[in-house]
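Descriptive structure summary
Listed below are the residues making up each chain.
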Amino acid sequence: MKPTPIPRQRWELAALVGVLLLAAGLRLGAPGITEFKRDEANMAQKALDLVHGREFPLLGLSSSINVPNPPVSVYLFALPFAASDNPVVAVLFVGLLNVIAVALTWVLARRYYGPVAALVAGLLYAASPWAAIYSRKIWAQDLLPPFVVATVFTGLLGYGENKRWARRVHWPLLAITVQIHYGAFPLVPLSLLMLALWGRRDSRDQWRDLAVGLALAALTALPALAGAYRDNWLSPDTFRDRVETNPDHNRVISTTALDAAWLTVAGTDIHSLAGPDAYRDYLDSVPDAYPLFRLVPLGTVLAAGWLLWRTARDRSLRQRPHLVLMVWLVLPVIIFTWEWAEAVPHYMIPLMPAAYILCGAGIAAVAQAKRSTIRKTAPILGIGVIGIAALQVVLFVRLLDFVDTHPTRNGFGTPLHTLLDVREAILDREPDDVLVLSDQELAPFDEIPAVWGALLEPVPQVRFVDRTRSAVIPAGAAWELVYGSPHMPALVECYSDPADTVTFERRPGESPLVLNPILPDQCAVDVTDIEPVHFANGATLTGYVIGTSVKGVL
């Protein structure tokens, strides 16, 4: 397979720079408007544990069906956290990787379909609302795009163009990508397809390169295999017993995966982040552009059909990357059409580059059509793409502003920058002890303890108290961060001057966060002393008091 020999145009560099600036603006701009909930916090904590030498993880976070992920995503997130324990740096790291994914998509489309296809693919990918949304969180799946595109690209180069270095790089890159998140599993049959299409059975070099590539791939999986062996995940019986599925989930053939792929490529339904109470307010504040957005997946399907028809007609199917792109597009949908696990939109992250490349290839084919009547529609299609991309940018930017300034119950979580303001205020006081009072107390399973355990990493001691049933009087001076209603009556006299209390407002309608200093020697609580009782978590019980509002005081 040879790349299409098209002379470079002067406008290409300017167009590429513009597309990458757009991608960077949507992915790196306002990094504080992102969610930092339980999953993000637990990933950050694992990366920080690795950076500070407390643990070398052999497994990552648990998946939705209770199967642990490999630790590759933790290793990747350790890179930004090695530079700073501020989660914003990790958010920017994710955004940068996704800008690289847009650049790789441009290069792949340019190599095989020319500059017009590259511009269309790059612009659609850069402006895609869901592509931008999935580029702004400390999530393993948000790391996927550059690795997915690089995996497919090295397969095309290694087997389609017979480049030896690419064949050797392809298989370990495939292994790393699948280990980042199981949603990339469809790349495995795609790689086997490229090997079947273009592999030469009589080539010793190709067999040797395959052996080297597979050996390197196996090396990347050693930590995960060691972790699975340690935790007995390699036993089929244990695996079956531990795997959890939603009892309300029906394992049936459905269109759920197709619907998820369609909306992901189109960029529709982003109003879901505003939550069930506020999404209508968001939709009322933006143009009704969803019908236009649906033209993108429709155009992708039409382009795929046309390219498949043309290559079959010319009997050159094996000589072009069309089939690979089409399989890349449909495999995630096919795999989850039978809902052996719940099909969720983020499982469709790997197919987005394929959709936009095919759409670009279709418009490039129209621009090069022999019939002038067909060729003349290309400028109209180009203007349509630019218009859709512009509207997508408007809706996405408005979404960021909306979730930052409106309560989004059961939608977008408290923006990270609000949490970081509290974090900065706490760290500026250089406390040795911080109590976080909420209705939760168990990290990493409860969200609030998980979040503040990661955010307050530099504090020597952070404890989490369910203020609805207990109170803690520390042995020395400390600071108390209160979620929801104010402190318990039993602790009122433990506070110093009320002027020292700091209140951090959240979005309208949401309870504030309150930071109080605690001075134990001011507490007028009659505590019954007991012999110290030491717990496995490091806490020591030295006394108690029983009352109507407080069950115990530590």
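To keep things clear, this report deals only with the structure shown in the data block. Along each chain, residue indices are assigned from 1 in the same order as the chain's sequence is written. The predicted nature of this model means local features are confined to residues of pLDDT at least 70 and side-chain atom pairs, given and counted, to a pLDDT of 80 or more, with totals for whole chains, interfaces and linings taken over all residues. Remark: hydrogens and water are excluded; side-chain values derive from all non-hydrogen atoms of the structure.

1. Some thoughts on the packing of helix α17 (residues 322-335) against helix α18 (residues 352-367)
Our working rule: Every angle, taken between N-to-C directions, lies between 0 and 180 degrees, and every axis is a line fitted to C-alpha atoms, over only the stretch in contact when it is a helix. Going along the chain from the N terminus, every DSSP run of H or I of four or more residues is numbered as a helix, and every run of E of two or more is numbered as a strand. Roughly parallel means an angle under 35 degrees; roughly antiparallel, over 145; roughly perpendicular, 65 to 115; everything else is oblique. With the far helix as reference, a near helix turned anticlockwise by less than a right angle produces a left-handed crossing, and one turned clockwise produces a right-handed crossing. Contact definition: two residues touch when any of their heavy atoms are within 4.5 Å.
Running from N to C, α17 and α18 point in directions that differ by 135°, and their axes come no closer than 8 Å. Relative to α18, the element α17 is oriented oblique. α18 is crossed by α17, and the crossing has left-handed handedness. Facing α17, whose interface residues are L325, M326, W328 and L329, α18 presents P353, A354, A355, I357 and L358.

2. With respect to empty space enclosed by the protein
Applicable threshold: The distinction between a cavity and a pocket rests on a 1 Å grid over the protein atoms alone: a 1.4 Å probe fits inside a cavity but cannot get out, while a pocket stays open yet meets protein on both sides within 12 Å along at least five of seven lines, and a residue with an atom within 4 Å of a point counts as lining. Grid points are joined across faces, edges and corners, and a volume is the space filled by probe spheres set on the points.
Within the structure shown, the criterion is met by one cavity of 30 Å³ or more. As a volume, the largest cavity reaches approximately 50 Å³. What lines the largest cavity is G183, A184, P186, L187, L190, V327, W328, L331, P332 and P350. Among the elements of the structure, α9 (187-198) and α17 are those that each provide at least two residues to the lining of the largest cavity. By residue number, the principal contributor to the lining of the largest cavity is α17, which donates four residues.

3. What about helix α2 (residues 38-51)?
For the record, the criterion: The length a helix should cover is 1.5 Å for every residue beyond the first. Burial classes follow relative accessibility: with a 1.4 Å probe on protein chains only, a residue under 20% of its type's maximum area counts as buried, one over 50% as exposed, and anything between as partly exposed.
Counted at 1.5 Å a residue, the expected span for α2 with its 14 residues is 20 Å, and the 20 Å between its end C-alpha atoms agrees. Those residues of α2 that fall on the buried side of the exposure criterion are E40, A41, N42, M43, A44, Q45, A47, L48 and D49. On its buried face, α2 sits against α3 (72-83) and α22 (447-455). Remark: G53 follows α2 within two positions and exhibits a positive phi of approximately 75°.

4. Here we look at a nonpolar patch on the surface
For clarity, the threshold we go by: Any residue with relative accessible area above 30% and no salt bridge may belong to a patch, with like charges joined within 9 Å and the nonpolar Val, Leu, Ile, Met, Phe, Trp and Tyr side chains within 5 Å. For accessible areas, the Shrake-Rupley method is used with a probe of radius 1.4 Å. Any residue's cover is judged against the shown protein chains and nothing else. Here a salt bridge means any side-chain nitrogen of Lys or Arg lying within 4 Å of a carboxyl oxygen belonging to Asp or Glu.
A cluster of nonpolar residues, L216, L219, L222, L225, Y229 and L234, forms a patch on the protein surface that exposes about 640 Å² of accessible area. At three residues, the largest contribution of residues to the nonpolar patch is made by helix α11 (residues 222-230). Within the secondary structure, Y229 is located in helix α11. You can call Y229 exposed: its relative accessible area is 65%.

5. Examining the sheet that holds strand β3 (residues 478-483)
Filter applied, for reference: For two strands to count as paired, DSSP must find a minimum of two bridges between them.
Pairing is mixed across the open sheet formed by five strands, whose spatial order is β2-β1-β3-β5-β4. A single partner strand is all that each edge strand has here, and the edge strands are β2 (461-466) and β4 (502-504). Across the sheet, the mean angle from the axis of one strand to that of its neighbour is 20°, orientation sign disregarded. In the sheet, β3 pairs with strand β5 (residues 513-518) via six bridges, with the strands oriented antiparallel. Residue pairing for β5: L481 is matched across the bridge by L515.

6. A short note on the side chain of H170
Note the threshold: Each polar contact in these results corresponds to two N or O atoms within 3.5 Å; when the atoms are within protein, one needs to be able to donate a hydrogen and the other to accept it, and residues that are neighboring in sequence are counted only if both atoms are side-chain atoms.
Positionally, H170 belongs in helix α8 (residues 164-180). When its relative accessible area of 1% is taken as the criterion, H170 is described as buried. Here G155 takes part through its backbone nitrogen, which lies 3.3 Å from a polar atom of the side chain of H170. Within the structure, H170 has its side chain in polar contact with the side chain of S191 (distance 2.8 Å). Beyond its immediate chain neighbours, meaning those up to four positions away, H170 contacts T151, T154, G155, S191 and M194.

7. A word on a negative patch on the surface
The condition is simple: Note that His is not counted, nor are the chain ends; the positive residues are Lys and Arg, and the negative ones are Asp and Glu. Charge positions come from single atoms, namely NZ of Lys, CZ of Arg, CG of Asp or CD of Glu.
Taken together, the side chains of D421, E424, D428 and E430 present a region of like negative charge at the surface. Structurally, D428 is set in helix α21 (residues 416-428). According to the relative accessible area criterion, D428 is exposed, its value standing at 56%.

8. Describing the side chain of S254
Examined against the element boundaries, S254 turns out to sit in the loop between α12 (236-242) and α13 (256-266). A polar contact is formed between the side chain of S254 and the side chain of T256, at a distance of 3.0 Å. Sequence-distant contacts of S254, defined by excluding residues within four places in its chain, comprise T337 and E339.

9. Considerations on the pattern of salt bridges
Within the structure shown, the criterion is met by 18 salt bridges. One salt-bridge network, held together by shared partners, links E35, K37, E40 and K137.

10. Notes on the packing of α18 against helix α20 (residues 378-405)
Orientation of α18 relative to α20, taken along the N-to-C sense of each, is 150°, at an axis distance of 9 Å. In terms of orientation, α18 lies roughly antiparallel with respect to α20. Contacts between α18 and α20 involve I363, V366 and A367 from the first element and A378, L381 and V385 from the second.

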